[in-house]
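Residues per chain are reported as follows:
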Amino acid sequence: MKLRIDKQADAMYLRLDDSAVVESVEVAPGVVLDYNETEEVVGIEMLRLSTRSPDLDLSTLHLETV
């Protein structure tokens, strides 16, 4: 699993595995799901992060595993 934060693009991309993306669907404004050939979600992109949460601090990332 890989998480990429692009401050310049104001975007976040979470890649769940390395399988090839064969389709991308915008499921909500600025939220795109990437699917592999077996229709599993393998990536999630969120655009306009700063407008989704004005107090978002992209310099800090907290990972919580439960």
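Residues numbered from 1 in each chain as written. Predicted model: local features only at pLDDT ≥ 70, side-chain atom pairs only at ≥ 80, totals over all residues. Heavy atoms only, no water.

### Observations concerning the environment of L16
Relative to the helices and strands, L16 resides in the loop between β2 (11-15) and β3 (23-28). Taking the C-alpha atoms as reference points, L16 and V41, 25 residues apart in sequence, are found 7.8 Å from one another. Residues contacting L16, with those up to four places away along its chain left out, are M1, V41 and V42. (Helix = DSSP H or I, 4+ residues; strand = E, 2+ residues; numbered from the N terminus. Contact = heavy atoms within 4.5 Å.)

### Overview of unusual backbone geometry
Positioned with a positive phi, D10 is a non-glycine residue whose angle comes to about 55°. Position of D10 among the secondary structure elements: in the loop between β1 (2-6) and β2. A residue is classified by how much of its surface remains accessible, and D10, at 17% relative accessible area, is buried. (Buried < 20%, exposed > 50% of the residue type's maximum accessible area, 1.4 Å probe, protein only.)

### Topic: the pattern of salt bridges
Applying the stated criterion across every chain yields a total of one salt bridge. Two residues, D6 and R4, come together in a salt bridge whose shortest N-O distance is 3.9 Å. Taking relative accessible area as the criterion, D6 reaches 25% and is therefore assigned partly exposed. You can call R4 exposed: its relative accessible area is 56%. (Salt bridge = Lys/Arg side-chain N within 4 Å of Asp/Glu carboxyl O.)

### Some words on a nonpolar patch on the surface
A cluster of nonpolar side chains, contributed by M1, L16 and V41, occupies part of the molecular surface with about 300 Å² of accessible area. Of note, M1 is situated in the segment before β1. The exposure class of M1 is exposed, given its relative accessible area of 77%. (Patch = residues over 30% accessible without salt bridge, like charges linked within 9 Å, V, L, I, M, F, W, Y side chains within 5 Å. Areas by Shrake-Rupley, 256 points an atom, 1.4 Å probe, with all protein chains shown as cover.)

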